[in-house]
Amino acid sequence: KVATVPLDVHLMIEEPGRYAEAFVKAGADLITYHVESREGTPETAEKIRALGAKPGVTLRPATPLSSIRDHLPLVDMVLVMSVDPGFSGQSFMPEQLDKVRALKGELGFEGDIEMDGGVAEGTIGACAEAGANIMVAGSAVFGSADPGTAVRRLTETAEAARRNHR
């Protein structure tokens, strides 16, 4: 049996200025935008919040953490990409964990930190230890013969790592 959680609808969209309102009306609770996009500005976070959703900012692997400093007081979540966006099944980039540690440590970010890309049983513990509290595990779940068991094992591994790290 897999633990259930309240359903939140999180979306990552490329043109939030164009689509955010429609997605909020459709039920999105949180909308993230890529800081690297044309609309990747702090004003985008303010617009998303004004529409009634929580804003989040997404950071690609090659983008320095410094590029989102002005966004941090305005967002509820930072999504740290641990692969280059585009397709599933890529290898996890462990150097991205430094961004998570810096967000929690020197930058004092208190919101949610999500890891997306290459999250699997062998990497999820390190994500949790670094301070990420939301993980996206596509291939690790949907590529498994038993997705329910995969989710349980991922959850147990992350929770054990978080407990051991305290």
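What you are looking at is a predicted structure, and each value in this text was computed from that prediction instead of being measured.

(A) Fine view of the nonpolar core. By size, the foremost hydrophobic cluster in this structure holds 36 residues, and its most contacted members are Ile 68, Val 78, Leu 103 and Met 115. Discounting residues that sit within four places of it in the chain, Val 78 has contacts with Val 57, Ile 68, Leu 72, Leu 103, Phe 109, Asp 112, Ile 113 and Glu 114.

(B) Examining the pattern of salt bridges more closely. For the structure on display, the rule yields 5 salt bridges. With a shortest N-O distance of 3.4 Å, Glu 21 and Lys 25 are connected by a salt bridge. With Glu 21 and Lys 25 both in helix 1 (residues 16-25) and 4 residues apart, this pair spans about one turn of that helix. Since its relative accessible area comes to 43%, Glu 21 is described here as partly exposed. Arg 101 is the partner of Asp 98 in a salt bridge, and the nearest nitrogen-oxygen pair spans 2.9 Å.

(C) The arrangement of the environment of Leu 59 in detail. Mapped onto the elements, Leu 59 comes out in strand 3 (residues 54-59). Looking at Leu 59, the relative accessible area reads 0%, which means it is buried. The sequence separation of Leu 59 and His 34 amounts to 25 residues, and the corresponding C-alpha distance is 6.2 Å. Every residue in contact with Leu 59, bar those within four places of it in the chain, is listed here: Val 35, Glu 36, Pro 64, Leu 65, Ser 67, Ile 68, Leu 79, Val 80, Met 81 and Lys 99.

(D) Highlighting helix 3 (residues 97-104). Within helix 3 the residues assigned to the buried category are Leu 97, Lys 99, Val 100, Ala 102 and Leu 103. Summarising the contacts, the buried residues of helix 3 are in contact with strand 3, strand 4 (77-81), strand 5 (112-116) and helix 4 (124-130).

(E) The pairing of strand 4, seen in detail. Here strand 4 lies mainly inside the structure; 5 of its 5 residues are buried. Side chains of strand 4 alternate between two faces, with Met 77, Leu 79 and Met 81 and Val 78 and Val 80 buried alike. The sheet contact formed by strand 3 and strand 4 spans 4 bridges and is parallel. The residue of strand 4 that forms the bridge with Leu 59 is Val 80.

(F) Highlighting helix 6 (residues 147-165). Taking 1.5 Å per residue, 19 residues should reach 27 Å; helix 6 reaches 27 Å between its end C-alpha atoms and fits that length. Those residues of helix 6 not exposed but buried are Ala 150, Leu 154, Ala 158 and Ala 161. Taken around the axis of helix 6, the buried residues stretch over an arc of 65 degrees, which confines them to a single face. Opposite the buried face of helix 6, at more than 90 degrees from it, the exposed residues are Arg 163 and Asn 164. Residues of helix 6 that are buried make contact with helix 4 and helix 5 (139-142).

(G) Focus on the environment of Val 83. Relative to the assigned elements, Val 83 resides in the loop between strand 4 and helix 3. C-alpha separation for the pair Val 83 and Met 93, spaced 10 residues apart in sequence, amounts to 6.1 Å. The residues touching Val 83, leaving out its near neighbours within four places in the chain, are Pro 61, Gln 90, Ser 91, Phe 92, Met 93, Asp 116, Gly 117 and Gly 118.

Analysis parameters
Residues numbered from 1 in each chain as written. Predicted model: local features only at pLDDT ≥ 70, side-chain atom pairs only at ≥ 80, totals over all residues. Heavy atoms only, no water. Core = buried A, V, L, I, M, F, W, Y, C linked by side-chain atoms within 4.5 Å. Buried < 20%, exposed > 50% of the residue type's maximum accessible area, 1.4 Å probe, protein only. Contact = heavy atoms within 4.5 Å. Salt bridge = Lys/Arg side-chain N within 4 Å of Asp/Glu carboxyl O. Helix = DSSP H or I, 4+ residues; strand = E, 2+ residues; numbered from the N terminus. Pairing = 2+ DSSP bridges. Expected span 1.5 Å × (residues − 1). Arc of directions from axis to C-beta.

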